[in-house]
Amino acid sequence: SIVEKLYRPNFHFTPKANWMNDPNGMFYLNGKYHLYFQYYPDGNVWGPMHWGHAISKDMVTWEEQPIALYPDEIGLIFSGSAVVDKNNTSGFGKDGITPIVAIYTYHNMQGEKDGRLDFQTQAIAYSLDEGMTWTKYDKNPVIPNPGIKDFRDPKVIWDDSSNKWIMSLAAGNKIMFYSSLNLKDWKFESEFGEQLGAHGGVWECPDLFPMKVEGSDETKWVLIVSINPAGPNGGSAAQYFVGDFDGKSFTPNEKFLNQLQHHKAIWLDYGRDNYAGVTWSNIPESDGRRLFIGWMSNWDYARDVPTFKWRSSMTVARELKLIESNQSYYVQSLPVNEVYNYVEKEIEKDSVNPTELSALFNTAKINMAKLNLQFDLKNLKDANYSFILSNKEGDTLALGLDNENNEFYLDRTKSGKVNFSEKFAPHVSKVKVSEKLQNLKVQILLDKTSIEVFYNNGETVMTELFFPNQPLDTFSIHSDDKTFKIENLKIQEFKFK
Ligand code: FRU
């Protein structure tokens, strides 16, 4: 169909049909990356949740699998995680087979209708065939509800220092931590965040994990917390905290707290379409990466986007890095390297004049719907630098740096179909930059309906959807600084299948 041709992404995961939201239960095993997801197989708006499933060898090309978890008499299957239980701590393993254990939330619809508070509980299931089929534990739930209305999205990791499984759980406007030796019996340890970070929406989908600070031997802990609404540019978004974890409680770092005083919250992504993202478990130590994927949509309008057979896609898989800079710690994200295995056409040029640029795109016949674009700008002035994607229909997607007012922006207000929801493009998305920039590194990943912008090695990220009337096929750079040059331009067109 026309919608399929125009809007089905080239390299972002979408279910073949029907509704998808959060990524769930991601783990790696024997050369395969598993991705489960909130899935409603009977319609293309949110409905009774299942866990859909997809497998990839490289986090770029995905193959959808049969549904992994179905709702049952206890409830719907909400978001959660999965771990590879190598030492069979759960005892679910049999005949030497390592069990995979999924930890998820049950959502009891009747309980919700009856106005009770305790309708969300935590449960487990295990798989003895590498995540293809699952058996639910017969003593579920493993964590009953203590009387908290929003009590969900368990994310479990193995903590080497305390020798325990640690669960982060979203509980209203805070995160609760639990520990366990066997994934069945859970002990409440502590809670975090009621007074910190962004509030004004419910906290969801936490993820706590240790990370090496780049270029040092120091380890810090990162806690990602999604929030809906109250994101920096409206609706759903993911913030994070950096600190220490001692097997019981999370203590935010002093320097990080200082940053919070200036900014209120630090966001993993300042665009409007990266929500509920979490990281893969069981990545081998020899690899060592912290790998992330997010739901590329926003509860403000996810149900309304003009893709009719399916709804929603995931972000590109990203590698997270923790850096110390500007007197604090920051999480950088960049696309996983595997993406570049798909580069088919590459143009690299130094010192490109802005007027040469459009011609370059035209003569090389670049397909912008599967593109990685990178360039540097040097010796910036107090000026506006805008990067514009457009087509003959007059659809434009504009982004760039306003170096006078110290902000990055992403403007999809005239990017094509925007009227399907008042909340889709009511304003330009913006993010403050703390200082005047002298230099700027830009990386833009483009698919048919998404743009993922990584400024300065992924220190500032903006991910947004757009629905043009025709593919965008022109790219240009403009500035009121007439002397600027584009350094090290790199255009990479991908080929898939
Ligand atoms: C986040 C979320 C989760 C919940 C799931 C339900 O987008 O609201 O908190 O588990 O979606 O589908």
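Residues numbered from 1 in each chain as written. Predicted model: local features only at pLDDT ≥ 70, side-chain atom pairs only at ≥ 80, totals over all residues. Heavy atoms only, no water.

### Notes on the overall build of the protein chain
Helix and strand content of the protein chain: four helices and 32 strands. The C-alpha atoms of the protein chain give a radius of gyration of 22 Å, which matches the 23 Å a tight globule of 497 residues would have. The principal-axis extents of the C-alpha atoms in the protein chain amount to approximately 70 × 55 × 45 Å. Burial status across the protein chain gives 61% buried among its 497 residues. One finds the centroid of the 52 positive side-chain charges in the protein chain at a distance of 4 Å from the centroid of its 65 negative side-chain charges. (Helix = DSSP H or I, 4+ residues; strand = E, 2+ residues; numbered from the N terminus. Rg over C-alpha atoms; globule rule 2.2 N^0.38 Å. Buried < 20%, exposed > 50% of the residue type's maximum accessible area, 1.4 Å probe, protein only. Lys, Arg positive; Asp, Glu negative; His and termini not counted. Charge placed at Lys NZ, Arg CZ, Asp CG, Glu CD.)

### Observations regarding the site of the ligand
The environment of the ligand is made up of Asn21, Asp22, Gln38, Trp46, Met49, Phe78, Ser79, Arg152, Asp153, Glu204, Tyr275 and Trp299. Measuring from an oxygen atom of the ligand, one finds a side-chain N or O atom of Asp22 at 2.7 Å. At a separation of 2.6 Å, an oxygen atom of the ligand approaches a polar side-chain atom of Asp153. Taken together, the elements giving at least two residues each to the shell around the ligand come down to strand E1 (18-29), strand E5 (76-84) and strand E9 (151-159). Here the residues of the shell around the ligand are counted per class, giving five nonpolar, three polar and four charged. (Near = heavy atom within 4 Å. Polar contact = N/O pair within 3.5 Å; in protein donor to acceptor, adjacent residues only side chain to side chain. Nonpolar A, V, L, I, M, F, W, Y, C, P; charged D, E, K, R; others polar.)

### Examining the pattern of salt bridges
One pass over the full model with this rule turns up 29 salt bridges. The partner of Lys255 in a salt bridge is Glu324, with the nearest N and O atoms 2.5 Å apart. Taken together, the residues Lys255 in helix H3 (residues 254-263) and Glu324 in strand E20 (residues 318-325) connect sequence positions 69 residues apart. By relative accessible area, which is 31% here, Lys255 ends up partly exposed. (Salt bridge = Lys/Arg side-chain N within 4 Å of Asp/Glu carboxyl O.)

### Observations regarding the sheet that holds strand E10 (residues 164-171)
Strand order in this open sheet of four strands is E9-E10-E11-E12, and the pairing throughout is antiparallel. Each edge of the open sheet carries a strand with a single partner, namely E9 and strand E12 (187-192). Each adjacent strand pair in this sheet contributes to an overall mean axis angle of 25°, direction not counted. (Pairing = 2+ DSSP bridges. Axes fitted to C-alpha atoms, helices over the stretch in contact; angles between N-to-C directions.)

### Side note on the sheet that holds strand E30 (residues 460-465)
Pairing within the open sheet is antiparallel, and its six strands lie in the order E22-E32-E23-E28-E29-E30. What marks the edges here is a single partner per strand, and that holds for strand E22 (343-349) and E30. Across this sheet, the average inter-strand angle for adjacent strands is 10°, counted without regard to direction. Relative to strand E28 (residues 440-447), strand E23 (residues 370-377) runs antiparallel, the two being bridged by eight bridges. For Leu371, the partnering residue across the bridge sits in E28 and is Leu446. Here helix H4 (residues 354-364) sits on the sheet and contacts E22, E23 and strand E32 (486-494); the angle it forms with E32, its principal contact strand, is near 15°. (Contact = heavy atoms within 4.5 Å.)

### Looking at the UniProt feature "domain: Glycosyl hydrolase family 32 C-terminal" (unreviewed entry) in the protein chain
UniProt tags residues 344-492 as "domain: Glycosyl hydrolase family 32 C-terminal" (unreviewed entry). With 7% helix and 47% strand, residues 344-492 has its two end C-alpha atoms placed 7 Å apart. (UniProt positions renumbered as here; feature names shortened; annotations may be inferred.)

### Some points on the pairing of E30
Of all the six residues making up E30, six are buried; the element is thus mostly covered by neighbouring parts of the structure. Neither face of E30 is exposed, since Thr460, Met462 and Glu464 on one face and Val461, Thr463 and Leu465 on the opposite face are all buried. Direction of pairing for strand E29 (residues 450-455) relative to E30: antiparallel, over a ladder of six bridges. Bridge pairing links Ile451 to Glu464 in E30. The loop that links E29 with its antiparallel partner E30 comprises four residues; one of these, Asn456, has a positive phi angle of about 45°.

### Digging into the environment of Val428
With respect to the element layout, Val428 can be found in the loop between strand E26 (407-411) and strand E27 (429-432). Here Val428 falls in the partly exposed class, since its relative accessible area comes to 27%. Here the alpha-carbon distance between Val428 and Leu181, two residues 247 residues apart in the chain, equals 48 Å. Each residue touching Val428, except ones within four places of it in the same chain, is listed here: Asn233, Tyr409, Leu410, Asp411 and Thr413.

### A few points about the side chain of Asn233
Along the chain, Asn233 turns up in the loop between strand E14 (219-228) and strand E15 (237-245). You can call Asn233 buried: its relative accessible area is 8%. Among the polar contacts made by the side chain of Asn233, one reaches the main-chain amide nitrogen of Lys430 at a distance of 2.9 Å. Beyond its immediate sequence surroundings of up to four residues, Asn233 is in contact with Tyr270, Arg272, His427, Val428, Ser429, Lys430 and Met462.

### Digging into the UniProt feature "domain: Glycosyl hydrolase family 32 N-terminal" (unreviewed entry) in the protein chain
UniProt records the feature "domain: Glycosyl hydrolase family 32 N-terminal" (unreviewed entry) for residues 12-330 in the present numbering. A helix fraction of 5% and a strand fraction of 47% characterise residues 12-330, whose end C-alpha atoms lie 26 Å from each other.

### Notes on the packing of aromatic side chains
Within the structure shown, the criterion is met by 41 aromatic pairs. On the basis of an interplanar angle of 70° and a centroid distance of 5.6 Å, the ring pair of Phe92 and Tyr137 is categorised as edge-to-face. Of the two residues, Phe92 is situated in the loop between E5 and strand E6 (100-107) and Tyr137 in the loop between strand E8 (135-136) and E9; the sequence distance between them amounts to 45 residues. On the basis of relative accessibility, which here comes to 15%, the residue Tyr137 falls in the buried class. (Phe/Tyr/Trp six-rings, centres within 6.5 Å; stacked < 30°, edge-to-face > 60°.)

### Regarding H3
Those residues of H3 that fall on the buried side of the exposure criterion are Phe256, Gln259 and Leu260. Down the axis, H3 shows its buried residues gathered within 105° of arc, on one side only. Along H3, exposed side chains directed more than 90 degrees from the buried face belong to Glu254, Gln261 and His262. The backbone nitrogen of Lys255 has a side-chain oxygen 2.8 Å away, supplied by the residue at the start of H3, namely Asn253. At the C-terminal side of H3, Lys264 shows a positive phi close to 75°. (Arc of directions from axis to C-beta.)

### Things to note about H4
Listed in full, the buried residues belonging to H4 are Pro354, Leu357, Leu360 and Phe361. An end-on view of H4 places all buried positions within 95° of arc, on one side of the element. Projecting away from the buried face of H4 at angles above 90 degrees are the exposed residues Thr355, Asn362 and Thr363. Elements that come into contact with the buried residues of H4 comprise E22, E23, strand E31 (474-479) and E32.

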